[in-house]
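# Architecture at a glance
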Amino acid sequence: RKEVEQDPGPFNVPEGATVAFNCTYSNSASQSFFWYRQDCRKEPKLLMSVYSSGNEDGRFTAQLNRASQYISLLIRDSKLSDSATYLCVALGGSSYKLIFGSGTRLLVRP
Amino acid sequence: DGGITQSPKYLFRKEGQNVTLSCEQNLNHDAMYWYRQDPGQGLRLIYYSQIVNDFQKGDIAEGYSVSREKKESFPLTVTSAQKNPTAFYLCASSLDGTYTFGSGTRLTVV
């Protein structure tokens, strides 16, 4: 079983749609969680950190449920520019390395 | 501006050859990492170094070697023992949980 699992997608949605990505992690010792965005053939870039209390950054909302070991990302009012792969990431229990999910691909169509 | 630089951007290797990928950072980060990404996959950790003159194997270290003689530099050598080296290689550095990625090197075996 992978340490961080995501639905690979692709999610194909119209502009303006709301889309949700889910992620589960297996290491209960993981302390920190993130969502990264990766454009085709580019390096991943940090989208947002994920906190137990939930956090919002504009159209993006991230949630963490430690009891279920579940992480989510909600994107409201999707834009064409949101098309990318979204990587769910956990910081390893020993806090020295990032563990990446395989990514969920999002395609936003006009 | 501080950052992390990988070179070259594209690299072609003949079977049986060793090649070295460069990674340099001027962020004064102590920790550096090498990840490999295959199409449709997340990033997998090859090697990491938390301090100069020290490094540890990641999840897929076989066929790779590294050195950390200077804080700024963490070169990765892909040896002939790596049977499937064609991939996208990403270098990263971190300090206090903040990660920065290089723009990657795309290695192709011809």
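One can find the structure itself at the top, above this paragraph.
Note that the coordinates shown come from a computational prediction; the quantities given were computed from them, not determined experimentally.

Looking now at the overall build of chain B. Counting secondary structure elements, chain B contains zero helices and eleven strands. Mapped in sequence order, the helices and strands of chain B form the string β-β-β-β-β-β-β-β-β-β-β. Expected size for 110 residues packed as a compact globule is a radius of gyration near 13 Å; at 13 Å, chain B falls within 12% of this value. With respect to the three principal axes, the spread of C-alpha positions in chain B is 40 × 25 × 20 Å. Taken across its 110 residues, chain B has 49% of its residues classed as buried. Within chain B, counting contacts between residues at least 6 apart in sequence, those at least 24 apart form 52% of the total. Roughly 5400 Å² of accessible area belongs to chain B as shown, and the carbon and sulfur atoms make up 46% of that amount. The positive charge centre, built from 11 side chains, and the negative charge centre, built from 11, are 8 Å apart in chain B.

Turning our attention to the interface of chain B and chain A. Contacts between chain B and chain A engage 18 residues on the former and 15 residues on the latter. Of the roughly 1400 Å² buried where chain B meets chain A, counting both sides, 53% is carbon and sulfur surface. Area buried by chain B at its contact with chain A is led by Leu 43, Tyr 99 and Phe 101 of chain B, which between them contribute 31% of it. Here chain B and chain A share one salt bridge between them. Between chain B and chain A we count three residue pairs in polar contact (both at pLDDT 80 or more) in total. Elements that contribute at least two residues to the side of chain B that touches chain A include exactly strand S4 (31-37), strand S5 (43-51), strand S9 (87-95) and strand S10 (98-101) of chain B. Examining the composition of the side of chain B that touches chain A, we find that four residues originate from one element, S5 of chain B, more than from any other.

One pair of aromatic rings is described through two measures. These are the centre distance and the angle between the planes. Under the criterion given, the structure shown has 13 aromatic pairs over all chains. Each ring, one from Phe 34 of chain A and one from Tyr 36 of chain A, has its centre 6.4 Å from the other, and the planes form 70°; the classification is edge-to-face. By relative accessible area, which is 3% here, Tyr 36 of chain A ends up buried. Among the aromatic residues, ring-to-ring pairing joins Phe 34, Tyr 36 and Phe 100 of chain A together with Tyr 33, Tyr 35, Tyr 99 and Phe 101 of chain B into one connected group.

With that settled, the discussion passes to the sheet that holds strand S3 (residues 19-25) of chain B. Residue and element names in this part refer to chain B. The strand order S1-S3-S8-S7 describes an open sheet built from four strands, whose pairing is antiparallel. What marks the edges here is a single partner per strand, and that holds for strand S1 (4-7) and strand S7 (64-66). Ignoring strand direction, the axes of neighbouring strands in this sheet form an average angle of 20°. Relative to strand S8 (residues 76-78), S3 runs antiparallel, the two being bridged by three bridges. Each residue of the ladder has a partner; that of Val 19, found in S8, is Val 78.

This part takes up the pattern of salt bridges. The tally for this structure, following the rule as stated, stands at eight salt bridges over all chains. A salt bridge links Arg 37 of chain A to Asp 39 of chain A, with the shortest nitrogen-to-oxygen separation between them at 2.9 Å. When the shortest N-O distance is used, the salt bridge between Asp 77 of chain A and Lys 79 of chain A registers 2.9 Å. Salt bridges sharing common partners tie together Arg 36, Asp 38 and Arg 44 of chain B.

On to a nonpolar patch on the surface. Judged by side-chain polarity, Tyr 10, Phe 12 and Val 110 of chain B come together as a nonpolar surface patch covering roughly 360 Å² of accessible area. Secondary-structure assignment places Tyr 10 of chain B in strand S2 (residues 10-13).

What follows deals with the sheet that holds strand S7 (residues 60-65) of chain A. What holds strands together in a sheet is hydrogen bonding between their backbones, with the strands either parallel or antiparallel. Residues and elements named next belong to chain A. Read from one edge to the other, the open sheet built from five strands follows the order S1-S3-S8-S7-S6, with strand pairing classed as antiparallel. Edge positions in the sheet fall to strand S1 (4-6) and strand S6 (55-57), since each has one partner strand and no second. Recorded for the sheet is a direction-independent mean angle of 20° between the axes of neighbouring strands. One ladder, built from three bridges, connects S1 with strand S3 (residues 19-25); its direction is antiparallel. For Glu 5, the partnering residue across the bridge sits in S3 and is Thr 24.

Cut-offs applied
- Residues numbered from 1 in each chain as written.
- Chains lettered and ligands numbered in written order.
- Predicted model: local features only at pLDDT ≥ 70, side-chain atom pairs only at ≥ 80, totals over all residues.
- Heavy atoms only, no water.
- Helix = DSSP H or I, 4+ residues; strand = E, 2+ residues; numbered from the N terminus.
- Rg over C-alpha atoms; globule rule 2.2 N^0.38 Å.
- Buried < 20%, exposed > 50% of the residue type's maximum accessible area, 1.4 Å probe, protein only.
- Contact = heavy atoms within 4.5 Å.
- Areas by Shrake-Rupley, 256 points an atom, 1.4 Å probe, with all protein chains shown as cover.
- Lys, Arg positive; Asp, Glu negative; His and termini not counted.
- Charge placed at Lys NZ, Arg CZ, Asp CG, Glu CD.
- Buried area = accessible area lost by both parts, 1.4 Å probe.
- Salt bridge = Lys/Arg side-chain N within 4 Å of Asp/Glu carboxyl O.
- Polar contact = N/O pair within 3.5 Å; in protein donor to acceptor, adjacent residues only side chain to side chain.
- Phe/Tyr/Trp six-rings, centres within 6.5 Å; stacked < 30°, edge-to-face > 60°.
- Pairing = 2+ DSSP bridges.
- Axes fitted to C-alpha atoms, helices over the stretch in contact; angles between N-to-C directions.
- Patch = residues over 30% accessible without salt bridge, like charges linked within 9 Å, V, L, I, M, F, W, Y side chains within 5 Å.

The values are spatial; any link to function lies outside them.
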